[in-house]
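Now for the letters of each chain:
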Amino acid sequence: MRWLGGLPAPQARYWFVEKASPGSPDAMDSFTFRITGPIDEAALRTALRTVVGRHTALRTLITRQSHRLVATVLEPDAVAEVLEIRRAAPPEHEPALRAFAYRPFHLDRDLPVRALLLTCGTTDDGLAHLIVSVHHTAFDGWSATVFFSQLGAAYRALRHGDPPPGDPPSHYERIWRAQSDTETEQDRNDLMEWAQDLAGVPDLPLPLGPVPATPGALGEELVVLSPRHTGLLESAARTAATTPNALLLTAWVRALRALTGGSDFAVGLPVSGRTSLASMSAIGCFVSVVPLRFRALGGVERDLGQTVAGLAKTLRFQFAPLEHLVGDNSAHDAQRTPLCQAAFVSQEQTDLTLCLDGATSVYVPRLKPESAFEVTLEVWFGTRTTARIKHRIDVLDHRRAARLAGLWCTEVDTVLKAVADPVR
């Protein structure tokens, strides 16, 4: 049940996204670093090929044969050059980076990873940019940490004339199969029962407005909670025997209700899909999105209980290929995002790190121009809890997005008060 068309479900899912919408930003990602200091281009070139050679997902071509998808894994020695180097003045860097980031992948002949180094070409210690573009058939957020850690270590060794560290290779399909082999008949029965609860979930009543010049164009609202709120979230989570994320998600659901008037809708939660030790050091697409259905039950405590039960399901059923389980939904508008318009994303870090020996590199995040969801709350829980509401501007204009941000802050306070002083 965890396979689609002969491939692991996440890999196949993004292949279909690419076929349906070539070059879709939803199926691709890019990571940009601003570098100052000398760069050993030969060492960087070899380090990239070394990391790609370790992970089968980065050496995989996907073709369609009849009704099945076939993954062909190239041998490390057959991997084509990954790094492109160009000389350009700094004002030319940004447009070149943008064009490179959104260049489509042809998955039947292109590796799902490519890199571009832009240098000034005048000195060996001027400003440079390195961008690595990846396709989600082979790469998820967890993979980025593994990739850039190994890239930095290999570069450092090569720059000093040493062999790269002997990090163990990872075989994506083999790891996925080993995880799926742990599934029991009871797991499958429980999964089907849970999926039936998702059938017929109504759309979140967010009216579609005029189509913007850029389809799917995004806006964002930044919210920063005070250190006091963070402390209260931690203590309230202990009181309720749950996590701060459960409290923040409950507030998000209540804010969406208050804005839209919807009393029954689903919210998508990304899950890592990594449950084995081998998967922790692997590069590949394991991540999935699990939709949770939220009904208006009345009262904060009941809302929180529904959230806690739902989060437990996301851990248990994080491999679920819902394409198998949820059929035609007559309550769903075909123009909307399937199953859920809203998402909740809990981020563990805001920055990636790439250590290039002898130089300084800084990660340069960039907002994607499109999103699979119509409205998403991204939360970074820390000393000052930071949140960002990303919204499609044809669904929420900036005024309503600002109102949603205010409603969420209000509901955070409501949830905290109810947990600290519950009404029995």
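What comes next is a walk through the structure.

The rules behind each value
Along each chain, the written sequence defines residue order, and numbers are assigned to residues from 1. For a predicted model such as this one, the threshold for reporting local features is a pLDDT of at least 70, and the threshold for listing and counting side-chain atom pairs is 80 or more; totals across whole chains, interfaces and linings nevertheless cover every residue. To obtain the side-chain values, all non-hydrogen atoms of the structure were used and water was disregarded. Here the aromatic set is Phe, Tyr and Trp, taking the six-membered ring for Trp, and pairing holds for ring centres within 6.5 Å; pairs whose planes are under 30 degrees apart are stacked, those over 60 apart are edge-to-face, and all others are tilted. Per the convention used, a helix needs a DSSP run of H or I reaching at least four residues, while a strand needs a run of E reaching at least two, with both numbered from the N terminus. The buried label applies to any residue whose accessible area, calculated with a 1.4 Å probe on protein chains only, is under 20% of its type's maximum; exposed applies above 50%, and partly exposed to all values in between. Strands pair, by our definition, only if DSSP identifies at least two bridges between them. The term salt bridge refers to a side-chain nitrogen of Lys or Arg lying within 4 Å of a carboxyl oxygen of Asp or Glu.

The next subject is the packing of aromatic side chains. Counted under the stated rule, the structure contains nine aromatic pairs. When the ring of Trp176 is compared with that of Phe286, the centres are 6.2 Å apart and the planes differ by 40 degrees; the resulting orientation is tilted. You can see Trp176 sitting in helix H5 (residues 172–180) and its partner Phe286 sitting in the loop between helix H9 (277–280) and strand S11 (288–295), a full 110 residues away along the chain. The burial state of Trp176 is the same as that of Phe286; both residues are buried.

A few words on the pairing of strand S13 (residues 360–363). In S13, alternate side chains face the same way, and those of Ser361 and Tyr363 are buried while those of Thr360 and Val362 on the opposite face are not. Judged from the four bridges that link them, strand S3 (residues 28–36) and S13 form a sheet pairing that is antiparallel. Note that in S13 the partner of Arg34 across the bridge is Val362.

This paragraph deals with unusual backbone geometry. Not every positive phi belongs to a glycine, and Ser66 is a case in point at roughly 60 degrees. Assignment of secondary structure puts Ser66 in the loop between strand S4 (60–65) and strand S5 (68–73). Taking the relative accessible area as the measure of exposure, Ser66 reaches 61% and is therefore exposed.

Before going further, it helps to spend a moment on the pattern of salt bridges. Pairing between side chains of opposite charge can happen when the charged atoms of each approach one another. Within this structure, the stated rule accounts for 20 salt bridges. Arg114 serves as the salt-bridge partner of Asp110, at 3.7 Å between the closest nitrogen and oxygen. Arg114 gets classed as buried once you look at its relative accessible area, which sits at 8%. Between Asp190 and Arg316 there is a salt bridge whose closest N-O contact spans 2.7 Å. With Asp190 in helix H6 (residues 185–198) and Arg316 in helix H10 (residues 300–316), the pair connects residues that are 126 residues apart, well separated along the chain. We classify Arg316 as partly exposed; its relative accessible area is 42%. Residues joined in a network through salt bridges with shared partners are Glu220, Glu378, Arg388 and Lys390.

Shape descriptors only; they carry no functional weight alone.
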